[in-house]
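Structural characterization, general
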Amino acid sequence: MENETIENILVNFKPAPLSFFRQSTENVAKELVGCLLLSFIKEGNQKVLLRIVETEAYLSYGDEASHSFRGITKRNQIMFKEGGVIYVYKIYGIHHCINVVTEIEGKGSAVLLRAMECVFAETVFPKDSFRGPGKLAKSLGFTLEDNGITLCGETPKIFVPKINDSKIRATSRIGISKSTEKLLRFCLEGSSYVSVDWKKGMA
DNA sequence: GCAAGGATCTAA
DNA sequence: TAGATCCTTGCC
């Protein structure tokens, strides 16, 4: 395990094709759980491989909690691009959050990455480094400069398991005040890397 | 339990 | 242009 290389781990995965991001947002959010994110971190000049363990879907229609609900603005314009790019925004003036844009151009939908588990890194990260959307963005070094970059290039890149047998739970989303009834948060069941216990928010 | 923190959006 | 809001975190 300790001696595994990125290449060895990725044997059981395949790069997510563009079509992966064009599915319904809810589906993409669900299927991203268990996927790996390969990313390059400027800080320390290193590659990391992370397992996505928690996501939230933000829909293009009828979802008051979504940035896209009131239409296109300067901040959210990337959400309306074609799926497969990254939407980064700043929250509470302090933290950045990373979203994966979904569906086709003009829709305005995305999946928030909320928690990940470090699978491979050249230097050691504290266990909680990727637990929570703000910390995750900080550890990866993502800022507004990364808003709009593609996931279909070299890095960052999403890898989908060839056999996805992840046990996934749907719960209500965290930190929102509207459309709280929707079960659009997806967690890897039992994972200790999830930001808020998966039992919370169960219907 | 709650303040920090600043951009963003809406209403006027 | 003022005022409310905000997909959080770490500290009290």
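Calculation criteria
- Residues numbered from 1 in each chain as written.
- Chains lettered and ligands numbered in written order.
- Predicted model: local features only at pLDDT ≥ 70, side-chain atom pairs only at ≥ 80, totals over all residues.
- Heavy atoms only, no water.
- Near = heavy atom within 4 Å.
- Polar contact = N/O pair within 3.5 Å; in protein donor to acceptor, adjacent residues only side chain to side chain.
- Buried < 20%, exposed > 50% of the residue type's maximum accessible area, 1.4 Å probe, protein only.
- Helix = DSSP H or I, 4+ residues; strand = E, 2+ residues; numbered from the N terminus.
- Contact = heavy atoms within 4.5 Å.
- Core = buried A, V, L, I, M, F, W, Y, C linked by side-chain atoms within 4.5 Å.
- Pairing = 2+ DSSP bridges.
- Phe/Tyr/Trp six-rings, centres within 6.5 Å; stacked < 30°, edge-to-face > 60°.
- Lys NZ or Arg CZ within 6 Å of the ring centre and 35° of its normal.
- Salt bridge = Lys/Arg side-chain N within 4 Å of Asp/Glu carboxyl O.

Examining the protein's contact with DNA strand B
- Near DNA strand B the following residues occur: R70, T73, R75, Y92, G93 and I94.
- Here the atoms of DNA strand B within 4 Å of the protein split so that 57% fall in sugar or phosphate, with bases taking the remainder.
- T73 is positioned with one of its side-chain polar atoms (N or O) 2.3 Å from a phosphate oxygen of DNA strand B.
- Take Y92: an N or O atom from its main chain is 3.2 Å from a base nitrogen of DNA strand B.

Section: the protein's contact with DNA strand C
- Taken together, 19 residues lie near DNA strand C, and Y89, L112, G132, G134 and G175 sit nearest.
- Of everything in DNA strand C that lies within 4 Å of the protein, sugar and phosphate atoms constitute 59%.
- In this structure, a phosphate oxygen belonging to DNA strand C sits 3.4 Å away from a main-chain N or O atom of G132.
- Between P133 and DNA strand C, the recorded distance is 3.2 Å, taken from a backbone N or O atom to a phosphate oxygen.

Structural notes on helix α4 (residues 133–140)
- Here α4 lies mainly inside the structure; six of its eight residues are buried.
- Along α4, the positions that sit buried rather than exposed are P133, G134, L136, A137, S139 and L140.
- Turning to α4, the residues buried within the fold contact β2 (36–41), β3 (46–58), β5 (95–101) and β6 (110–121).
- At the C-terminal side of α4, G141 shows a positive phi close to 80°.

With respect to the side chain of R185
- Within the secondary structure, R185 is located in strand β9 (residues 185–188).
- Separated by 2.9 Å, the side chains of R185 and E54 make a polar contact.

What to know about the nonpolar core
- Core analysis: the biggest nonpolar cluster contains 36 residues, and F20, L32, I98, M116, L140 and I158 have the highest contact counts within it.
- Of all the elements, β3 adds the most residues to this core, at five residues.
- Ignoring any residue separated from it by four or fewer positions in sequence, one finds I98 in contact with I86, Y87, V111, L112, L113, L136, A137, L140 and F142.
- Counting 12 residues, the second largest nonpolar core, distinct from the first, contains M79, F80, V85 and Y87.

Concerning the pairing of strand β4 (residues 86–91)
- When β4 meets β5, the two strands line up antiparallel, connected through six bridges. What sits directly across from K90, in β5, is H96.
- Taking the residues between adjacent antiparallel strands as the criterion, β4 and β5 are bridged by three residues, where Y92 takes a positive phi near 55°.

Quick look at the packing of aromatic side chains
- Inspection of the entire model under this criterion finds three aromatic pairs.
- Ring geometry for Y87 versus Y89: centroids 5.5 Å apart, planes at 35°, classification tilted.
- You can call Y87 buried: its relative accessible area is 1%.
- Note that K127 overlies the ring of Y193, its terminal NZ or CZ placed 4.6 Å from the centroid.
- The ring of Y58 has R173 sitting right over it, with the charged end atom 4.6 Å from the ring centre.

Considerations on the pattern of salt bridges
- Evaluated as defined, the whole model comprises 10 salt bridges.
- Note that R185 and E54 form a salt bridge whose closest N and O atoms lie 2.9 Å from each other. In this pair, R185 sits in strand β9 while E54 sits in strand β3, placing the two residues 131 residues apart along the sequence. Across the pair, exposure class does not vary: R185 and E54 are buried alike.
- Notably, a salt bridge pairs R114 with E56, separated by 3.6 Å at the nearest N-O pair. On the criterion of sequence distance, the pair formed by R114 in strand β6 and E56 in strand β3 is long-range, its members being 58 residues apart. Pair check on accessibility: R114 and E56 agree, each one buried.
- Through salt bridges with shared partners, a single network forms among E54, E56, R114 and R185.

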